[in-house]
Amino acid sequence: MTEQMIDFRRASFVTSAPDITFLPADVGMEIAFAGRSNAGKSSALNTLTDHKGLAHTSKTPGRTQLINVFRLDDERRLIDLPGYGFAKVPLEMKLQWQEKLAQYLEQRQCLRGLVVLMDVRHPLKDLDANMIAWGVAAQMPVLVLLTKADKLKQNEKNKVLKHVKSELEELGGEVIVQLFSSLKGTGREPALRVLNGWFQRHSEQQFDVE
Ligand SMILES: Nc1nc2c(ncn2[C@@H]2O[C@H](COP(=O)(O)OP(=O)(O)OP(=O)(O)O)[C@@H](O)[C@H]2O)c(=O)[nH]1
Ligand SMILES: [Mg+2]
């Protein structure tokens, strides 16, 4: 059976929510992008949707402090979550962001998959490992993108890929790890196939129920 591909280029901005109470109704399906501040979440969203300016990117970490919502169609959305772990902000602000993130992850019923982005040069920091473990514990499929792959030589990045894969295998669950570069477009197609698969899987489930 050939799988129908969702057109990710159709993505359009819906809203920037200061917290989950400002999000669209909790129906349909969402895939959320999480990662440390500056990991390349917004850039990856732009590359995946082929829209240069869809999500705002920045050299200054902590740029995305709001929950940004992008719509693919009436029932599917992509979510750019606030980055975690940025050292140079006051503790109170950091806690506020983490609270926002936790609220989204714990309460959002329509969340169907988690994309965790880590700079290939600094993978698997504590908060990343927590995020991935949370996804697995919540029986959420997780796609780990090792971003900025253009910054390392082939043998170096393959070594990181192998290491991260073997570390995460221990968690069990549905975790896929791949290299990604927003700059070069590396890994775009396989990542889109994964997201597409998650969205389609749930469309079929909804259909089965009726
Ligand atoms: N070389 C290279 N640089 C990248 C890549 N992806 C992102 N960057 C750069 O990394 C910086 C941060 O990228 P963003 O996409 O804004 O990161 P973010 O994770 O959304 O950051 P916050 O919103 O602060 O959480 C920017 O200067 C990007 O240009 C990549 O694939 N290759
Ligand atoms: Mg961002």
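Higher on the page you've got the structure.
Numbering of residues starts from 1 in every chain and runs along the sequence as written. Here chains are named by letter from A upward and ligands by number from 1 upward, in the order in which they appear as written. For a predicted model such as this one, the threshold for reporting local features is a pLDDT of at least 70, and the threshold for listing and counting side-chain atom pairs is 80 or more; totals across whole chains, interfaces and linings nevertheless cover every residue. Heavy atoms throughout the structure, all of them, feed into the side-chain values; hydrogens and water do not.

**Concerning the overall build of the protein**
Put simply, the rule is: In this text, helices come from DSSP runs of H or I with a minimum length of four residues, and strands from runs of E with a minimum of two, each type numbered from the N-terminal end. Two things to know: the radius of gyration comes from C-alpha atoms, and the globule rule equals 2.2 Å times the number of residues to the power 0.38. Per-residue accessibility, obtained with a 1.4 Å probe over protein chains only, is compared with the maximum for each type, and a residue is labelled buried under 20%, exposed over 50%, and partly exposed between these values. Residue contacts follow a heavy-atom distance rule, with two residues in contact if any of their heavy atoms lie within 4.5 Å. Only the protein chains shown count as cover for residues, with accessible areas throughout obtained via the Shrake-Rupley method and a probe of 1.4 Å. Charged-residue counts in this description rest on Lys and Arg as positive and Asp and Glu as negative, His and the chain ends being excluded. The location of each charge is read from NZ of Lys, CZ of Arg, CG of Asp or CD of Glu.
A tally of regular secondary structure across the protein gives five helices and seven strands. Secondary structure of the protein in N-to-C order comes out as β-β-α-β-β-α-β-α-β-α-β-α. The C-alpha radius of gyration of the protein comes to 16 Å, within 12% of the 17 Å expected for a compact globule of 210 residues. Along the three orthogonal principal directions, the C-alpha set of the protein runs to about 50 × 45 × 35 Å. The buried share among the 210 residues of the protein stands at 49%. Taking the contacts inside the protein whose residues are at least 6 apart along the sequence as the reference set, 74% of them involve residues at least 24 apart. Total accessible area on the protein is roughly 11,000 Å²; 50% of this is exposed by carbon and sulfur atoms. Charge-centre separation for the protein: the mean point of 28 positive side chains lies 10 Å from the mean point of 26 negative side chains.

**With respect to the packing of helix α2 (residues 91–107) against helix α3 (residues 126–137)**
The axes of two packed helices give the description: the angle between them and the distance between them. Definition in use: Working convention: axes come from line fits to C-alpha atoms, limited for helices to the stretch in contact. Angles between N-to-C directions cover 0 to 180 degrees. Roughly parallel refers to an angle under 35 degrees, roughly antiparallel to one over 145, roughly perpendicular to one between 65 and 115, and oblique to any angle outside these ranges. Throughout, a crossing is termed right-handed when the near helix is turned clockwise from the far one, and left-handed when it is turned anticlockwise from it by less than a right angle. Each residue is assigned to one class: nonpolar for Ala, Val, Leu, Ile, Met, Phe, Trp, Tyr, Cys and Pro, charged for Asp, Glu, Lys and Arg, and polar for all the others, Gly among them.
With their axes 12 Å apart at the nearest point, α2 and α3 run at an angle of 15° to one another. Between α2 and α3, the angle is such that the two are roughly parallel. Both α2 and α3 take part in a crossing whose hand is right-handed. For the pair α2 and α3, the contacting residues are Q98, L101, L105 and E106 in the first and L127, M131 and W134 in the second. Classifying every residue of the contact of α2 with α3 by side-chain character gives five nonpolar, one polar and one charged.

**Brief notes about the environment of D7**
Among the structural elements, D7 can be located in the segment before β1 (12–17). Since its relative accessible area comes to 35%, D7 is described here as partly exposed.

**A few points about the side chain of R77**
The cut-off we apply is this: For the purposes of these results, a polar contact is taken to be a pair of N or O atoms within 3.5 Å, where, inside protein, one atom must be able to donate a hydrogen and its partner to accept one; residues adjacent in sequence count only when each atom of the pair is a side-chain atom.
Within the fold, R77 resides in strand β4 (residues 76–80). Residue R77 is classed as buried on the basis of its relative accessible area, which comes to 7%. At a separation of 2.6 Å, a polar atom in the side chain of R77 contacts the main-chain carbonyl oxygen of V27.

**Quick look at the pattern of salt bridges**
Rule in force here: Here, a salt bridge means any side-chain nitrogen of Lys or Arg that lies within 4 Å of a carboxyl oxygen of Asp or Glu.
For the coordinates displayed, the defined rule picks out 12 salt bridges. Between R10 and D73 there is a salt bridge whose closest N-O contact spans 3.7 Å. In this pair, R10 is assigned in the segment before β1 and D73 in strand β3 (residues 67–73), connecting sequence segments 63 residues apart. Taking the relative accessible area as the measure of exposure, R10 reaches 43% and is therefore partly exposed. Between E174 and R201 there is a salt bridge, with its nearest N and O atoms 2.8 Å apart. Of this pair, E174 sits in the loop between α4 (154–169) and β7 (175–179) while R201 sits in helix α5 (residues 188–209), and the two are 27 residues apart along the sequence. Put simply, R10, D73, E75 and R76 are held in one network by salt bridges that share partners.

**What to know about the pairing of strand β6 (residues 142–147)**
The criterion, for reference: At least two DSSP bridges between two strands are required for those strands to pair.
With respect to burial, β6 is a largely interior element, six of its six residues being buried. Because side chains alternate across β6, one face comprises the buried residues V142, V144 and L146, and the other comprises L143, L145 and T147, equally buried. Relative to β6, strand β5 (residues 111–119) runs parallel, the two sharing six bridges. What sits directly across from M118, in β6, is L146.

**Details of the nonpolar core**
Side chains of nonpolar character tend, in soluble globular proteins, to be buried together. The condition is simple: Remark: nonpolar core denotes a set of buried residues (Ala, Val, Leu, Ile, Met, Phe, Trp, Tyr, Cys) joined through side-chain atoms within 4.5 Å.
In this structure, L81, Y104 and L146 are the most contacted members of the largest nonpolar core, which totals 32 residues. Counting only elements with at least two residues in this core, the list comes to β2 (29–35), β3, α2, β5, α3, β6, α4 and β7. Membership of the second largest hydrophobic core comes to 26 residues, among which are F8, I31, A191 and L192.

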